[in-house]
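Below, each chain spelled out in residue letters.
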Amino acid sequence: MLPALKSGVLRSILHGQGAFRAIAVAPIRAGSTGGSAEYIPPKTYTKEERIEQWDYVNSVYFGPERDLKNFPNPSQPDQAPPVRMGIVPASWFEFFYPKTGVTGPYLFAGGLSLWMLSKEVMVIDHYFWEFPSFWGAVWFVNYKFGSQIKKYFSDQLQLKQDIIFTRPINAMKGAAQETIAKCERLIEETEVAKHLYLAKKEGVELQLEAAYRQRLLTAFQEVKKRLDYALEKENVKRRYEQEHMVNWIVSSVTKSITAQQEKESIQSCIKTLKNLSAKQAAVL
Amino acid sequence: MTYEPGKYPKEYNPKVHGPYHPGRYYGKPDVPFGDVKIGDLGGWISRRKFTPTAVWGAIHRTFWNWSGRWMNARSPGFAPIGHIIMLSSAYYFLVMYKDRSYHRHCKYH
């Protein structure tokens, strides 16, 4: 352990990381030091410190000198190694096979048992029968209920794996999918908002245009009204002046005509009419 | 032997061997027992060490090796339990050997 300590491998353990944290930073009990012990809170690490430590451990365990071929990382096997007759490792039979053939291990076990019985190393007393009766009971239970027991345990294992791993990770995946869908919907909505803005802008511009035209029309009408008024006023004034002048001249002329003049004019008129009728008769 | 109680084996180098596995032998490997010829068996046994620490180290390694391969598999089955039962049977056979030898019937062998 000392070389490992010197090389700094156990730095993380001594600093209170992992399984040894409780030992490293456990508060001293009041009774052991006369009641003057203080609580020492566990050391906290920043993210950078953790990353640095991770990199350091990686550099030790997975550096260029690491021999992964002869010393691979240990892993948990799914099943126990193959066995024969329930509990005897198959590797023992493989150990015997090149030396003695197939029957060798059976012969060895049988011969050993026979020798022990014959020499009474193994005595047939009341203890002896415990052994075959126990294994007979094991065989019977396995024969009758083996598949059920196996199914029960495999179901339990599956259930445990579901509870610990599959269900939470599926729940997390579902939640993540939901979040992604929500975000995509949001992105779509923001894209719609662009068009919505354009449409609203167009509507407002239309309204502004309409209001502008309305005002133009109002201004035109107001100006036209005033101009019409001015024109009418001028017309009325001129008509009045004209009428007045006509009346004045007519009345003046009428006043200036004497009875003599009137008689003369009628005479000349009659004369003219007579001339005209003579002319007309000549033509006809 | 390189084993000292409470300490890593002297041959263990984390830069080469990676995370420590208590069931693994980190020294220079000898010829496996299964490959030894009968003639070389004496030499092979003489190369083994029988100091208490070495014996304890071998037991320790064997236990963790067995534990990792049999007991700590995901679905171990009955085999490791059968191993424990057989081992305790053998242990009690040795413990009670003297008592049971009183029940022998034959006298001349």
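Residues numbered from 1 in each chain as written. Chains lettered and ligands numbered in written order. Predicted model: local features only at pLDDT ≥ 70, side-chain atom pairs only at ≥ 80, totals over all residues. Heavy atoms only, no water.

Draft legend 1. Focus on the overall build of chain A. Summing up its helical and strand segments, chain A has 8 helices and 2 strands in all. Taken from N to C terminus, the helices and strands of chain A fall in the order α-α-α-α-β-β-α-α-α-α. Taken across its 284 residues, chain A has 11% of its residues classed as buried. Of the contacts formed within chain A by residues at least 6 apart in sequence, a portion of 25% connects residues at least 24 apart. (Helix = DSSP H or I, 4+ residues; strand = E, 2+ residues; numbered from the N terminus. Buried < 20%, exposed > 50% of the residue type's maximum accessible area, 1.4 Å probe, protein only. Contact = heavy atoms within 4.5 Å.)

Draft legend 2. Highlighting the overall build of chain B. Helix and strand counts for chain B stand at 5 helices and 0 strands. The secondary structure elements of chain B, listed N-terminal to C-terminal, are α-α-α-α-α. For chain B, long-range pairs separated by at least 24 residues make up 32% of all intrachain contacts whose partners lie at least 6 apart in sequence.

Draft legend 3. Spatial organisation of helix α6 (residues 104-118) of chain A. Given a rise of 1.5 Å per residue, 15 residues ought to cover 21 Å, and the 20 Å separating the end C-alpha atoms of α6 of chain A matches this to within 8%. Every buried residue of α6 of chain A is listed here: Gly104, Pro105 and Met116 of chain A. Angularly, the buried residues of α6 of chain A cover 100 degrees about the axis, an arc narrow enough to put them on a single face. Exposed side chains of α6 of chain A directed beyond 90 degrees from the buried face belong to Leu107 and Leu114 of chain A. Where α6 of chain A is buried, its residues contact α5 (90-100) of chain A together with α4 (79-95) of chain B. Immediately beyond the C-terminal end of α6 of chain A, within one or two residues, lies Glu120 of chain A, with a positive phi of roughly 55 degrees. (Expected span 1.5 Å × (residues − 1). Arc of directions from axis to C-beta.)

Draft legend 4. Region of the structure containing the packing of α5 of chain A against α6 of chain A. All names here are of chain A. The interhelical angle for the contact between α5 and α6, taken along N-to-C directions, is 105 degrees, at an axis separation of 8 Å. Relative to α6, α5 is oriented roughly perpendicular. On α6, the residues that touch Phe93, Phe96 and Thr100 of α5 are Gly104, Pro105, Tyr106 and Phe108. (Axes fitted to C-alpha atoms, helices over the stretch in contact; angles between N-to-C directions. Parallel < 35°, antiparallel > 145°, perpendicular 65-115°, else oblique.)

Draft legend 5. Up close: the packing of aromatic side chains. Enumeration according to the criterion identifies 20 aromatic pairs over all chains in this entry. A ring pair is formed by Phe128 of chain A and Trp129 of chain A, whose centres lie 5.1 Å apart and whose planes are at 85 degrees; its orientation type is edge-to-face. A relative accessible area of 14% places Phe128 of chain A in the buried class. An aromatic cluster is present here, built from Phe71 of chain A together with Tyr8, Tyr12, Tyr20 and Tyr26 of chain B joined pairwise through their rings. In this structure, Arg48 of chain B is placed above the aromatic ring of Trp44 of chain B, and the distance from its NZ or CZ to the ring centre is 4.5 Å. (Phe/Tyr/Trp six-rings, centres within 6.5 Å; stacked < 30°, edge-to-face > 60°. Lys NZ or Arg CZ within 6 Å of the ring centre and 35° of its normal.)

Draft legend 6. Looking closely at the pattern of salt bridges. On inspection of all chains with the given rule, the structure shows 10 salt bridges over all chains. Two residues, Lys225 of chain A and Glu222 of chain A, come together in a salt bridge whose shortest N-O distance is 3.4 Å. One end of the pair is Lys225 of chain A and the other is Glu222 of chain A, both in helix α7 (residues 130-256) and 3 residues apart, which spans about a single turn. The class of Lys225 of chain A is exposed, set by a relative accessible area of 54%. Close ionic contact of Asp30 of chain B with Arg48 of chain B constitutes a salt bridge, the shortest N to O distance being 3.2 Å. Of this pair, Asp30 of chain B sits in the loop between α1 (14-17) and α2 (41-47) while Arg48 of chain B sits in the loop between α2 and α3 (52-71), placing them 18 residues apart in sequence. (Salt bridge = Lys/Arg side-chain N within 4 Å of Asp/Glu carboxyl O.)

Draft legend 7. Quick look at unusual backbone geometry. Residues and elements named next belong to chain A. Despite not being glycine, Met85 shows a phi value in the positive range, around 55 degrees. One can find Met85 in the loop between β1 (83-84) and β2 (88-89). At Glu120, a position not held by glycine, the phi torsion is positive, near 55 degrees. Examined against the element boundaries, Glu120 turns out to sit in the loop between α6 and α7.

Draft legend 8. Fine view of the interface of chain A and chain B. If you look at the interface, chain A gives 43 residues, while chain B gives 41 residues. For the chain A and chain B pair, buried surface summed over both sides reaches about 3800 Å², with 64% attributable to carbon and sulfur atoms. At the boundary of chain A and chain B, one finds 2 salt bridges. The tally of links from chain A across to chain B stands at 13 residue pairs in polar contact (both at pLDDT 80 or more). With 5 residues, the top contributor of residues to the side of chain A that touches chain B is α7 of chain A. Per-class residue counts for the side of chain A that touches chain B are 29 nonpolar, 6 polar and 8 charged. (Buried area = accessible area lost by both parts, 1.4 Å probe. Polar contact = N/O pair within 3.5 Å; in protein donor to acceptor, adjacent residues only side chain to side chain. Nonpolar A, V, L, I, M, F, W, Y, C, P; charged D, E, K, R; others polar.)

Draft legend 9. Highlighting the UniProt feature "transmembrane region" (unreviewed entry) in chain B. Mapped onto this structure's residue numbering, the UniProt feature "transmembrane region" (unreviewed entry) falls at residues 77-97 of chain B. What you have in residues 77-97 of chain B is 86% helix and 0% strand, and the ends, taken at the C-alpha atoms, are 31 Å apart. (UniProt positions renumbered as here; feature names shortened; annotations may be inferred.)

Draft legend 10. How the structure looks around the side chain of Glu120 of chain A. When its relative accessible area of 10% is taken as the criterion, Glu120 of chain A is described as buried. Here Glu120 of chain A is in contact with Arg104, His105 and Cys106 of chain B, once residues within four sequence places are set aside.

Draft legend 11. Main features of the confidence of the model for chain B. Residues and elements named next belong to chain B. Residues of chain B with pLDDT of at least 70 account for 93%, and the chain-wide mean is 86. Within chain B, helix α5 (residues 97-100) has the poorest average pLDDT of any element, 84, and α4 the best, 93. Scored as a whole, the predicted complex attains pTM 0.59, and scored at its interfaces, ipTM 0.79. (pLDDT = per-residue confidence, 0-100.)

Draft legend 12. View of the packing of α7 of chain A against α4 of chain B. It is at 12 Å that the axes of α7 of chain A and α4 of chain B come closest, and there the two elements cross at 175 degrees. With respect to their mutual orientation, α7 of chain A and α4 of chain B come out roughly antiparallel. Across the interface between the two elements, Phe131, Phe134 and Trp135 of chain A of α7 of chain A pack against Gly82, Ile85, Met86 and Ser89 of chain B of α4 of chain B. Broken down by class, the residue content of the contact of α7 of chain A with α4 of chain B amounts to 5 nonpolar, 2 polar and no charged.

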